[in-house]
Amino acid sequence: MTTTTSVLHTSALTSLPLLARGKVRDNYAVGTDRLLMVASDRLSAFDVILGEPIPGKGALLTQMALFWFDKLGAICPNHLTGEAPESVVTAAEIPQVAGRAMLVKRLKPIPVEAVVRGYLAGSGWAEYQQSQSVCGVPLPAGLKNASKLPEPIFTPAAKAEVGEHDENISYEQVVKIVGPELAARIRQLSIDIYETAAAFALTKGIIIADTKFEFGLDENGTLTLMDEVLTPDSSRYWPVEGYEAAFAAGQNPPSYDKQFVRDWLEAVRINGKPWDKTPPSPHLPPGVIAKTAAKYQEAMARLTA
């Protein structure tokens with residue numbers, strides 16, 4: 001596994017045109033048919049990019065995505081080109097991309113977040129309490145926070161602009177956006193990938209409670225997995241050993257993702273008031289940064305042990 005010691009909040013490559021900066025990734029055009037995706041050490045919470053980077057996070061996310069792309073290759077094609085990211089930048093820029101970038105095919109992105117939930121948590125739990133359903137999928141009565149669902153459910157979201165919240169939508173809305181045939185393929189493929197990954201993670205002592213996938217179409221119209229996949233930024237990772245006690249107590253299980261930062265941000269007070277979840281974010285103390293970095297490292301170590 002490649003690691004990089006330099007901390008990168010925002011990349012600044014001048015040899016390639018910058019296409020977009022997301023919450024975590026900076027995307028550069030490589031010709032007309034490829035992209036260089038650089039995973040920074042930025043962290044976003046409540047759709048706000050925090051001022052302090054998490055050392056090592058971008059490299060870990062990239063290595064974890066590559067690990068999963070390799071594992072899932074038999075189920076679904078992905079956007080990797082197999083070429084070295086270092087090959088498309090200048091020598092001086094290599095430190096910004098080494099270990100944290102992917103050189104990928106440029107696809108036509110599908111404007112739907114393909115979310116799969118195997119457990120009830122987060123916005124799904126909030127929605128269930130209101131309607132006993134999530135994204136229009138009816139669920140049995142009597143479920144609790146962090147309940148395992150009878151079977152995984154597809155609960156899509158509409159992709160938001162940077163700084164906006166992704167909005168949960170119904171399957172019918174996905175059909176309107178992409179058509180019935182592609183919607184059905186995305187739903188089935190998303191559930192297949194989730195079930196395969198969740199079963200593997202469980203053998204490593206990790207529960208993947210939910211995750212989101214992004215898909216695109218290649219020049220032949222083939223549905224292709226893209227962006228990041230099954231990282232703690234796009235999934236809820238829970239260690240199995242903390243789950244039962246938290247579930248029994250009705251609490252959020254301990255997690256390997258951003259939940260630690262989210263909990264800190266929920267508890268922090270600015271001039272006696274809670275943070276209103278708009279920029280600028282409160283400054284993360286060094287202890288919170290270090291603990292978050294350690295969580296990401298532990299997830300990767302367990303998964304690949």
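Here the structure is shown first, and the text comes after it.
The structure reproduced in this document is the subject of the present report. A quick note: this is a predicted structure, and the numbers were derived from the prediction, not measured.

**Re the overall build of the protein**
Per the secondary structure count, the protein includes 8 helices and 18 strands. Considered along the principal axes of its C-alpha atoms, the protein spans approximately 60 × 50 × 40 Å. For the protein, the proportion of its 305 residues judged to be buried stands at 52%. When contacts within the protein are restricted to residue pairs at least 6 apart in sequence, long-range pairs at least 24 apart make up 65% of them. In the protein, 29 side chains carry a positive charge and 34 a negative one; their mean positions are 3 Å apart.

**Some thoughts on the side chain of Thr292**
The residue Thr292 is located in helix α8 (residues 286–304) in this model. Given a relative accessible area of 1%, Thr292 falls into the buried group. In this structure the side chain of Thr292 is engaged in a polar contact, spanning 2.7 Å, whose partner is the backbone oxygen of Val288. The contacts of Thr292, once residues within four sequence positions are left out, are Leu43, Ile54, Phe260 and Val261.

**Some details on the pairing of strand β1 (residues 18–21)**
As paired strands, β1 and strand β2 (residues 25–30) are joined by 3 bridges and run antiparallel to one another. Bridging across to β2, Leu18 finds its partner in Tyr28. Hairpin connection of β1 to β2: 3 residues between the antiparallel strands.

**Regarding helix α1 (residues 57–72)**
In this model, α1 (16 residues) spans 22 Å end to end at C-alpha, consistent with the 22 Å of a helix rising 1.5 Å per residue. When you tally the buried positions in α1, you get 13 out of 16 residues, the bulk of the element.

**Overview of the pattern of salt bridges**
Once their charged atoms are close, side chains differing in charge can pair, the charge on each being opposite to the other. For the structure shown, the criterion picks out 11 salt bridges. Residues Lys57 and Asp233 are paired through a salt bridge, measuring 2.9 Å at the closest nitrogen-oxygen approach. Of this pair, Lys57 sits in helix α1 while Asp233 sits in the loop between β15 (223–226) and β16 (235–239); the two residues are 176 residues apart in sequence, bridging distant segments of the chain. What makes Lys57 buried here is its relative accessible area of 0%. We note a salt bridge from Glu113 to Lys212, for which the minimum N-O separation is 3.7 Å.

**A short note on the pairing of β2**
β2 sits mainly inside the fold: 6 of its 6 residues count as buried. Neither face of β2 is open: one carries Arg25, Asn27 and Ala29, the other Asp26, Tyr28 and Val30, and all of them are buried. With 6 bridges joining them, β2 and strand β3 (residues 34–39) adopt antiparallel strand pairing. Pairing of Arg25 across the sheet is with Ala39, part of β3.

**Some points on helix α3 (residues 122–131)**
Among all positions of α3, only Gly124, Trp125 and Tyr128 are buried. Relative to the axis of α3, the buried residues are bounded by an arc of 95° and lie together on one face. One or two residues past the end of α3 sits Gln132, with phi positive at roughly 55°.

**Thoughts on the nonpolar core**
Core analysis: the largest hydrophobic core is formed by 68 residues, its most contacted members being Trp68, Phe213, Phe215, Leu230 and Tyr237. When residues of this core are assigned to their parent elements, the largest contribution, 10 residues, is made by helix α5 (residues 180–203). Look past the residues within four positions of Phe213 in its chain and what remains in contact with it is Val112, Glu113, Ala114, Val116, Ser190, Ile193, Tyr194, Leu225, Val229 and Leu230.

**Some words on the environment of Ser87**
As for its placement among the helices and strands, Ser87 is situated in the loop between α1 and α2 (94–97). Taking relative accessible area as the criterion, Ser87 reaches 52% and is therefore assigned exposed. When the C-alpha atoms of Ser87 and Pro280 are compared, they prove to be 36 Å apart, with 193 residues separating the residues in sequence. Polar side-chain contacts of Ser87 include one of 2.5 Å to the backbone oxygen of Ala84.

The rules behind these values
- All residue numbers refer to position in the chain's written sequence, counted from 1.
- Owing to the predicted nature of the model, reporting of local features is limited to residues with pLDDT of at least 70; listing and counting of side-chain atom pairs is limited to 80 or more, with chain, interface and lining totals taken over all residues.
- The side-chain figures draw on all heavy atoms in the structure; neither hydrogens nor water molecules are used.
- Helix and strand definitions follow DSSP, with helices as H or I runs of at least four residues and strands as E runs of at least two, each counted in order from the N terminus.
- Each residue is placed in one exposure class: buried if its accessible area under a 1.4 Å probe, protein chains only, is under 20% of its type's maximum, exposed if it is over 50%, and partly exposed if it falls in between.
- In what follows, a contact means two residues having at least one pair of non-hydrogen atoms within 4.5 Å.
- Positive: Lys, Arg. Negative: Asp, Glu. His and the chain ends are not part of the count.
- To locate a charge, the coordinates of NZ of Lys, CZ of Arg, CG of Asp or CD of Glu are taken.
- Throughout this description, a polar contact denotes any pair of N or O atoms lying within 3.5 Å of each other; where both atoms belong to protein, one of them has to be capable of donating a hydrogen while the other can accept it, and for residues adjacent in sequence the pair is counted only when both atoms sit in side chains.
- The pairing criterion for strands is at least two bridges between them, as found by DSSP.
- Given a helix with a known number of residues, its expected span is that number minus one, times 1.5 Å.
- Salt bridge, as used here: a side-chain nitrogen of Lys or Arg that lies within 4 Å of a carboxyl oxygen of Asp or Glu.
- Directions from the helix axis toward the C-beta atoms define the arc.
- Joining through side-chain atoms within 4.5 Å is the link that ties buried Ala, Val, Leu, Ile, Met, Phe, Trp, Tyr and Cys residues into a set, and such a set is a nonpolar core.

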